[in-house]
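# Chains, contacts and geometry: an overview
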Amino acid sequence: MSPTLDIGGVVIIGGGGHAKVVIESLRAAGKTAAVIVDADPTPREVLGVPVVGDDLKLPALREQGFSELFVAIGSNRLRQKLGGKARELGFTLVNAIHPSAVISPSARIGEGVAVMAGVAINADSRIGDLAIVNTGAVVDHDCDLGAACHLGPASALAGGVTVGERAFLGVGARVIPGVTIGADTVVGAGGVVVRDLPDAVLAIGVPVKIKGDRP
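The following paragraphs examine the structure supplied in this document. (Residues numbered from 1 in each chain as written. Predicted model: local features only at pLDDT ≥ 70, side-chain atom pairs only at ≥ 80, totals over all residues. Heavy atoms only, no water.)

## Quick word on the pairing of strand E1 (residues 10-13)
Of the two faces of E1, the one lined by Val 10 and Ile 12 and the one lined by Val 11 and Ile 13 are each fully buried. Pairing analysis gives 4 bridges linking E1 to strand E5 (residues 68-71), with the strands arranged parallel. Each bridged residue has a counterpart across the sheet, and for Ile 12 the counterpart in E5 is Phe 70. As judged from the 4 bridges shared by E1 and strand E2 (residues 33-37), these two strands associate in the parallel manner. Each residue of the ladder has a partner; that of Val 11, found in E2, is Val 35. Regarding topology, helix H1 (residues 17-28) serves as the crossover connection from E1 to the parallel E2, and that connection is right-handed. (Buried < 20%, exposed > 50% of the residue type's maximum accessible area, 1.4 Å probe, protein only. Helix = DSSP H or I, 4+ residues; strand = E, 2+ residues; numbered from the N terminus. Pairing = 2+ DSSP bridges. Right-handed = clockwise from strand over helix to strand, strands pointing away.)

Structural data, given as structure tokens:
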């Protein structure tokens, strides 16, 4: 490992497109992305950040003195698994919150959360650990987002919506007030949710209809 690496910087898990957005959000917030570990350990750079191996490299990085980590993986289940592994190794999960996001002072944000540019999170909402609130998404008052869920770009939750763990809302999805979306459920792009959805289903359309179970 190069001695010039900044052990005060953040270790990034994942070297794909999502990682690029996370790296720029961290930089905009004044943090340094130091190194990347990725399933493809081929030595390279992502926005100037070196890939130093796969996740088997994490124990050595922790021993070297790195303490902060962000999981920049799009897969909700894998992100949650790797976040747990990183915590077991003693890493602290940091947040990547773009400074252009508007977050209510009464909102509660977990650990390892990505809040991208242009997001609005309103009063008394809760964002669970390792969640992604993607570019331009809106979370209105009193919403509850479960761990490792993902709100796609330009999606919008009205007040009092509950989103289960690892659920995914596609680009531009909309949810009316008070609705609950079950864990591991996927709402397709542009879908409008007007009633509760159970766990682990695929729902698409306007309004959404359940098209089957998720594997």
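## Quick notes on the pattern of salt bridges
Following the criterion strictly, the structure yields 10 salt bridges and no others. Residues Asp 144 and Arg 126 are paired through a salt bridge, measuring 2.6 Å at the closest nitrogen-oxygen approach. Here Asp 144 is found in strand E15 (residues 144-145), whereas its partner Arg 126 is found in strand E12 (residues 126-127), with 18 residues between them in sequence. Overall, Asp 144 belongs to the partly exposed group, its relative accessible area being 29%. Among the charged side chains, a network of salt bridges with common partners joins Arg 77, Glu 165, Arg 166 and Asp 184. (Salt bridge = Lys/Arg side-chain N within 4 Å of Asp/Glu carboxyl O.)

## Comments concerning the environment of Lys 85
As for its placement among the helices and strands, Lys 85 is situated in helix H3 (residues 76-88). On the basis of relative accessibility, which here comes to 27%, the residue Lys 85 falls in the partly exposed class. Distance from Lys 85 to Asp 55, taken between C-alpha atoms, is 9.5 Å for residues 30 residues apart in sequence.

## Some points on the state of the cysteines
Tallied over the entire structure, the rule returns 0 disulfides. Here Cys 149 stays free of any disulfide, with the sulfur of Cys 143 as its closest cysteine sulfur at 10 Å. Given the relative accessible area of 0%, Cys 149 is considered buried. (Disulfide = S-S within 2.5 Å.)

## A word on the sheet that holds strand E23 (residues 192-193)
If you walk across this open sheet you meet the 6 strands as E8-E11-E14-E17-E20-E23, and the pairing is parallel. Both edges of this open sheet fall to strand E8 (102-103) and E23, since each of them pairs with a single strand only. Bridge count for strand E20 (residues 174-175) against E23 is 2 bridges, and the pairing is parallel. By the bridge assignment for E23, Val 175 is matched with Val 193.

## Side note on the sheet that holds strand E6 (residues 92-93)
Read across the open sheet, the 4 strands follow the order E2-E1-E5-E6; overall the sheet is parallel. Since the sheet does not close on itself, it has two edges, and those belong to E2 and E6, each with one partner. Against the sheet, H1 touches E1, E2 and E5, its axis set at about 165° to E1. (Contact = heavy atoms within 4.5 Å. Axes fitted to C-alpha atoms, helices over the stretch in contact; angles between N-to-C directions.)

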